[in-house]
Amino acid sequence: MIHLDIQNVPPLEKEDYMPPEEAIKARVDFAYYTNQGTTDPDKFWKEAGKKWYESSESFIGHRKLVAEEAARTATADDTPEGKLRKLYARVQKIRNLSFEREKTTQEEKREKLKENDNVEEVLKRGVGNGVSIDYLFCALARAAGFDASVFASRRAIVISSSRECWRHGN
């Protein structure tokens, strides 16, 4: 993953004898390529979306431990918003590795963290990266009876009920 933040970039000023604008202007080019060799953006994003959906649904699944945790965390007496707030507070207790500094090989060996294969493992181990924690929130919300979906764009979790819509993610 590449992340780029740019602020206060002055506009390109034309000068006498300068090279063509397109040769010196800052830009980012995206190349669409898959194992099937497609360079068509529509086909690329359709394939990518399908793979992301299948991957997220496989990771979330229907897990007994998650359903039990949702029932313990949010009770039937809670309002829909109250349930979601409690579930959100619960996932905030998970150690988020995305906010930690990169560890050395020795530190990783000493800590013995395993890769999570599903939301149940995130819940049991109490640790995960930002994406796996987002998926756990989605799974808990589904287990509590909400229509919750994962969107690939900026990892948003959208949860809707008859009168409300929550969005979790950045």
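In case you missed it, the structure is sitting above this.
What counts and what doesn't
Residues numbered from 1 in each chain as written. Predicted model: local features only at pLDDT ≥ 70, side-chain atom pairs only at ≥ 80, totals over all residues. Heavy atoms only, no water. Helix = DSSP H or I, 4+ residues; strand = E, 2+ residues; numbered from the N terminus. Expected span 1.5 Å × (residues − 1). Buried < 20%, exposed > 50% of the residue type's maximum accessible area, 1.4 Å probe, protein only. Contact = heavy atoms within 4.5 Å. Salt bridge = Lys/Arg side-chain N within 4 Å of Asp/Glu carboxyl O. Axes fitted to C-alpha atoms, helices over the stretch in contact; angles between N-to-C directions. Left-handed = near helix turned anticlockwise from the far one by under 90°. Nonpolar A, V, L, I, M, F, W, Y, C, P; charged D, E, K, R; others polar. Phe/Tyr/Trp six-rings, centres within 6.5 Å; stacked < 30°, edge-to-face > 60°. Arc of directions from axis to C-beta. Polar contact = N/O pair within 3.5 Å; in protein donor to acceptor, adjacent residues only side chain to side chain.

### Things to note about unusual backbone geometry
Backbone geometry places N8, a non-glycine residue, at a positive phi of 50°. Its location among the elements puts N8 in the segment before helix 1 (21-24). Positive phi outside glycine occurs at Y17, with the angle close to 65°. Position of Y17 relative to the elements: it lies in the segment before helix 1.

### Some thoughts on helix 2 (residues 41-60)
Three- or four-residue spacings in an α-helix give side chains the same orientation, since the helix completes a turn every 3.6 residues. End to end, helix 2 covers 28 Å across 20 residues, agreeing with the expected 28 Å (1.5 Å per residue, within 8%). Every buried residue of helix 2 is accounted for by F44, E47, A48, S56, F59 and I60. The elements touched by buried residues of helix 2 are helix 6 (119-125), helix 7 (130-143) and strand 3 (147-151). At the exit of helix 2 stands G61, carrying a positive phi of roughly 55°.

### With respect to the pattern of salt bridges
Applying the stated criterion across every chain, the model contains 11 salt bridges. Notably, a salt bridge pairs E69 with R72, separated by 2.6 Å at the nearest N-O pair. Of this pair, E69 and R72 are both found in helix 3 (residues 64-73), three residues apart, which corresponds to roughly one turn of the helix. Among the salt bridges present, the one from D78 reaches K86, with a minimum N-O distance of 2.9 Å.

### Points about the packing of helix 4 (residues 80-91) against helix 7
Packing of helix 4 against helix 7 brings their axes to within 10 Å, and their N-to-C directions diverge by 150°. Judged by the sense of rotation from one axis to the other, the crossing of helix 4 with helix 7 is right-handed. In this structure, helix 4 uses L84, L87, Y88, R90 and V91 to contact helix 7, whose residues at the interface are I133, L136, F137, L140 and A141. Across the contact of helix 4 with helix 7, the residue classes tally to nine nonpolar, no polar and one charged.

### What about the packing of aromatic side chains?
A complete count under the given rule lists two aromatic pairs for this structure. Ring centres 5.7 Å apart and planes at 85° place the aromatic pair Y88 and F137 in the edge-to-face group. Placement of Y88 in helix 4 and of F137 in helix 7 is noted, with a sequence separation of 49 residues between them. By relative accessible area, which is 0% here, F137 ends up buried.

### Comments concerning helix 3
Turning to helix 3, its buried residues are V66, E69, A70 and T73. All buried residues of helix 3 lie within an arc of 100° about the axis, which places them on one face of the element. Residues of helix 3 that are exposed and point more than 90 degrees away from the buried face comprise K64, A71 and R72. Elements that come into contact with the buried residues of helix 3 comprise helix 4, helix 6 and helix 7.

### Digging into the side chain of T73
Structurally, the position occupied by T73 is in helix 3. Accessibility expressed as a relative area gives 18% for T73, which makes it buried. Of note is the side chain of T73, whose polar atom sits 2.7 Å from the backbone oxygen of E69. When neighbours within four sequence positions are excluded, T73 is seen to be in contact with D78, K86, L87 and R90.

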